[in-house]
Amino acid sequence: METVWFMIVALMLTVYVVLDGFDIGSGIVHYFVGKTQDERKLIIKAIGPVWDGNEVWLIASGGVLYFAFPVLYASSFSGFYLPLMMVLWLLILRAVGIELRHHIDNPMWHTACDFVFSFASILLAIFFGAALGNVIRGVPLNAEGYFFEPLWTDFTVSANPGILDWYTVIAGVVALVALTIHGANYIALKTEGEMNTRARKIAGIAWFALVAMTIISFIATVSVRPQVLDNYKSNIIGFVFPLLVLSGLAGMMFYRKNGNDKFSFLSSAVYLIGMLGGAAFALYPTVLPASTDPNYSLTIYNSSAHSYGLKVGLVWWTIGISLAVFYFAFLFRTFKGKVSLEAGDGY
Amino acid sequence: MNDALTIDRLQFAFTITYHYLFPQLTMGLAPLIVIFKALAIWKKDERYNHAARFWAKVFGISFLFGVVTGIPMEFQFGTNWAKFSRFAGSVIGQTLAMEGMFAFFLESAFLGLFLFGERRLGQRLHFLSAFLVFLGSWLSAYFIIATNAWMQHPIGYAVAADGSVYLTSFSALLFNPWAIVQYMHNMGGALVTGSFAVAALGAFYVLSKKQIDYGKMFLKTGIIAACIASIWMIFPSGDMQGQMVAKHQPVTLAAMEGLFKTEQSASLVLIGQPNIQEQKLDNPIKIPGMLSFLTHKRWNAEVKGLDAFPKDQHPDNIALLYYSYHIMVGLGTIFIAIMVLSAFLLWRGKLAKTNWLLWIVMLSFPLPFIANTAGWMTAEIGRQPWLVYGLMRTSEGISPTVSAGNGLFTLIGFMGMYTVLSLLFILLMWREIEHGPAFLSKQKSNDHHGTTPSDELKPADAN
């Protein structure tokens, strides 16, 4: 039962990254694709009706994590206190940048909103990457299962690490590059003409950086935490994830060359699924490794809720997720197609 | 002031108080928007559609502020209240996760459709999305209130070997009698806020002689809804909530009412200042026997005072609890007076000409926010010194590793961030009010929402 919930949480977080990842990515490439205020308005319009729903996947994942693994939630949220609070502030700023831009017709207001949106998106990508880096590297859990990480110590991977060290910074950069491509692919899909060309070009250039960063992060991960290979050695099924990563990378290049925006976008989604799924597979059944004493590590077994609650939860979760999939299919269907300045619909 | 417990409590109190200003407005407006939308389709009157779109814009801005200030609440369960989460997460995680799965997905997906999809969806589906946004926001409230109700009146749980609690009855958690009563009372409160806002804006338009048609429409809808909701707040929902507190938290009731000594035929205090040192009430004005009647439906019944309970069970801020409760009840009574009178004049067709009352209706729009806040303060300060009533003290629930210094850093950060948000909110609301529904009706018929390219060519305040 714990394993099922581990998979559910991993799945929901992956969906969050794939969906909100293109909103964040759109923010990262905001200035590179949108050269004029009208073009930047189009970028906002491309994510406008969907970004809030996408962000809800984070909130819902948080709720499900709290429900299924309360001990993990308590430890990790208090231990990652400062970066999480900063993520909250960035989420607030991003929302303001996106949602309030069109309420006031004033070029200065638009300039301010554009900057806030893009700035918050870039930092969010790095923060989320670094967060995953922290979980893979391990945190200084004590015997009671709590820890507190300062933002940085000496940037080395030690028993007393900070949120940022050389490894987690690499993870942050991987996330930044990956979401840059994902966002550029989304904007390419939603726009025409020059913006489309620019978005395609950015995705094409960033692809080389992504290949390099993927290799670097793999080597770094294995050197920081060799145990990540254990699950792969014992269970061949895990290789589906590295395979997804590779096919995602290949797909991005292949479909970009063919000018197929839809499949390019799907390829970057596949890449993200492969990376996150691979990380989850490598960690299992640990959910938060201890850098202090391996016995202090939190696993799905010592951090989960009681079994009755988990069983009941499975019933309503199945109903809830089916409804959510239906809503989102309807939402994306309604707003499918290219965006243009002419059509109404706000933004 | 420098200990982590105080900072954690202050941060939660500040962020939740600020957050709840927005949901009470959106939850109150949502059913009214559905009504406007329904009237537009039923009466085939485009003016109701403009009204619906106008309030949808107000709703959309408030909803955004509610969402961004709401995420910190979920996070703080883990960041600042880690021991509480570890203790109670197996139980309240259920309702919190269900809120995300059933309410947030629903309202966020359909809000996008409702705000930006009218042209693509057509009128009937647009009405449906308005309804689903309403449903989502009201469902969301139920799950949160069920969570809070479990903290007020924990049932359906057992204690595990490690001292934490776990769920034994899902239905007990979900259908906690406290939750049902609190929900009825709370949603009435939200409707008071929403309907007062609609009525107040109507009064503003009529008094300022701008968009008088819409002013009258808002007055009518707002006052009818506010009249019903205000009465509902005292009876039956307020009375039921009082019974619930009397039954399960008698010490809280004593502190709320300022009843220091146990009394036969206890009187109801209208005004007076709690004197904690001497355990008495200064300058009281009372109605004899009334408290006994309200609590036990008998004039001479005994009501237990604070002296009947050990000191370590008393709420830790009796004076603030007493004032919060009295402000809520006092304002609630004033609401009934204003709205019953307004409804009467509306029925006689004289309201739009009774300027002094329109002024009162217009200026009263902040009062429901205060009353709702005071009500929640009564519930939460009344629960002290417990975090989970009778099971876990507030002092035992905080994160062991988050220092006061780090807590203060983020508290100050939130204060700064929310100051900026407040300024933006006021600015945006003022613009919407200035534009009003008439502005929307001037736009091209296929461009129902938001800024359109054609507006950008006009100066910002074209009207």
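Look a little higher up for the structure.
Description of the structure in this document.

The rules we used
- Per-chain numbering applies: the sequence of each chain, read as written, is numbered from 1 onward.
- The lettering of chains begins at A and the numbering of ligands begins at 1, in the order of writing.
- Per-residue local features are limited, in this predicted model, to residues with pLDDT of at least 70; the limit for side-chain atom pairs, both in listing and counting, is 80 or more; totals at the level of whole chains, interfaces and linings are taken over all residues.
- Hydrogens are left out, water is left out, and the side-chain values use all remaining heavy atoms of the structure.
- Helix and strand assignments come from DSSP, with helices taken as H or I runs of at least 4 residues and strands as E runs of at least 2, each series counted from the N terminus.
- Burial here depends on accessible area, computed with a 1.4 Å probe over protein chains only, as a share of the maximum for the residue type. Under 20% is buried, over 50% is exposed, and the range in between is partly exposed.
- By the convention used here, residues are in contact when the closest approach between their heavy atoms is within 4.5 Å.
- All radius of gyration figures rest on C-alpha atoms, and the globule criterion is 2.2 Å times the number of residues raised to 0.38.
- Any two strands are treated as partners once DSSP identifies two or more bridges connecting them.
- Within the patch definition used here, like charges are joined within 9 Å and nonpolar side chains (Val, Leu, Ile, Met, Phe, Trp, Tyr) within 5 Å, considering only residues with over 30% relative accessible area and no salt bridge.
- Calculation of accessible area relied on Shrake-Rupley with a 1.4 Å probe; when residues are assessed, cover is drawn exclusively from the protein chains displayed.
- When a carboxyl oxygen of Asp or Glu is within 4 Å of a side-chain nitrogen of Lys or Arg, the pair counts as a salt bridge.
- Lining residues are defined by having an atom within 4 Å of a point belonging to a cavity or pocket. Those points lie on a 1 Å grid over the protein atoms alone, cavities being sets where a 1.4 Å probe fits but cannot get out and pockets being open sets with protein on both sides within 12 Å along at least five of seven lines.
- Grid points are joined across faces, edges and corners, and a volume is the space filled by probe spheres set on the points.
- Ten residues, namely Ala, Val, Leu, Ile, Met, Phe, Trp, Tyr, Cys and Pro, are considered nonpolar, four, namely Asp, Glu, Lys and Arg, are considered charged, and the remaining ones, Gly among them, are considered polar.
- Each of two parts loses accessible area, computed with a 1.4 Å probe, when they are put together; buried area is these two losses added.
- Here a polar contact is taken to be a pair of N or O atoms separated by no more than 3.5 Å, where protein atoms must pair a possible hydrogen donor with a possible acceptor and residues adjacent in sequence count only if both atoms sit in side chains.
- Each residue after the first adds 1.5 Å to the expected span of a helix.
- Put simply, two rings from Phe, Tyr or Trp (the six-membered ring, in Trp's case) pair if the centres are within 6.5 Å, and we call them stacked under 30 degrees between planes, edge-to-face over 60, tilted for the rest.

Below, the discussion takes up the overall build of chain A. The helix and strand inventory of chain A stands at 13 helices and two strands. Overall, chain A is about 60 × 40 × 40 Å in size when its C-alpha atoms are taken along their principal axes. Taking all 347 residues of chain A together, 61% fall into the buried category. Relative to all contacts within chain A whose residues are 6 or more apart in sequence, the contacts with residues 24 or more apart total 78%.

What follows is about the overall build of chain B. For chain B, the count of helices and strands is 16 helices and eight strands. Relative to the 2.2 N^0.38 estimate, which gives 23 Å for 463 residues, the radius of gyration of chain B is 24 Å and therefore close to what a compact globule would have. Principal axes of the C-alpha set define a box for chain B whose edges measure 70 × 50 × 40 Å. Scored against the burial criterion, the 463 residues of chain B give a buried share of 60%. When contacts within chain B are restricted to residue pairs at least 6 apart in sequence, long-range pairs at least 24 apart make up 76% of them.

Moving on: the pairing of strand 5 (residues 280–287) of chain B. All names here are of chain B. Relative to strand 5, strand 4 (residues 268–275) is paired through six bridges, and the arrangement is antiparallel. Directly across from Gln 273, in strand 5, lies its bridge partner Asp 282. Here strand 4 folds back onto strand 5, and the loop between the two strands holds four residues, one of which, Gln 279, carries a positive phi near 50 degrees.

All names here are of chain A. Where nonpolar side chains cluster on the molecular surface, the patch consists of Tyr 31, Phe 32, Phe 115 and Phe 119 and spans about 410 Å² of accessible area. Elements represented by at least two residues in the nonpolar patch include exactly helix 2 (30–33) and helix 7 (107–137). Of note, Phe 32 is situated in helix 2.

This part is about empty space enclosed by the protein. Scanning the model with the defined rule gives eight cavities of 30 Å³ or more in all. Size it by volume and the second largest cavity reaches roughly 130 Å³. Forming the boundary of the second largest cavity are 15 residues, of which Asp 52 and Glu 99 of chain A together with Phe 63, Leu 111 and Leu 115 of chain B lie nearest the centre. For the lining of the second largest cavity, the secondary-structure elements that each account for two or more residues are helix 4 (51–68) of chain A together with helix 2 (46–79) and helix 3 (82–116) of chain B. For the lining of the second largest cavity, the element with the most residues is helix 3 of chain B, which contributes five residues. Across the lining of the second largest cavity, the residue classes break down as nine nonpolar, four polar and two charged.

The partner chain B presents 78 residues to the 76 residues of chain A that form the contact. Taken together, both faces of the contact between chain A and chain B bury some 6900 Å²; the carbon and sulfur share is 72%. For the pair chain A and chain B, the number of links is zero salt bridges. Counting across the interface, chain A meets chain B through 17 residue pairs in polar contact (both at pLDDT 80 or more). Mapped onto the side of chain A that touches chain B, the elements with two or more residues apiece are helix 3 (37–47), helix 4, helix 5 (70–79), helix 6 (81–99), helix 7 and helix 13 (307–334) of chain A. Sorting elements by how many residues they give to the side of chain A that touches chain B places helix 13 of chain A first, with 16 residues.

All names here are of chain A. The first and last C-alpha atoms of helix 12 (residues 261–283) sit 33 Å apart over 23 residues, in line with the 33 Å expected at 1.5 Å per residue. Buried residues dominate helix 12, accounting for 17 of its 23 residues. Where helix 12 begins, the capping side chain belongs to Asn 260, and its oxygen is found 3.2 Å from the backbone nitrogen of Lys 262.

All names here are of chain A. Under the criterion given, the structure shown has 63 aromatic pairs over all chains. Geometrically, the ring pair formed by Phe 22 and Phe 265 is edge-to-face, given 5.7 Å between the ring centres and 70 degrees between the ring planes. One end of the pair, Phe 22, is in helix 1 (residues 2–28); the other, Phe 265, is in helix 12, with 243 residues separating them in the sequence. Its relative accessible area of 2% is what places Phe 22 among the buried residues.

What follows concerns the pattern of salt bridges. Residues and elements named next belong to chain B. Applying the stated rule across the entire model yields 22 salt bridges over all chains. Between Glu 118 and Arg 53 there is a salt bridge, with its nearest N and O atoms 2.9 Å apart. Of this pair, Glu 118 sits in helix 4 (residues 118–121) while Arg 53 sits in helix 2, placing them 65 residues apart in sequence. Residues Glu 118 and Arg 53 agree in their burial class; the two are buried. As a salt-bridge pair, Lys 210 and Glu 434 come within 3.3 Å of each other at their nearest N and O atoms.

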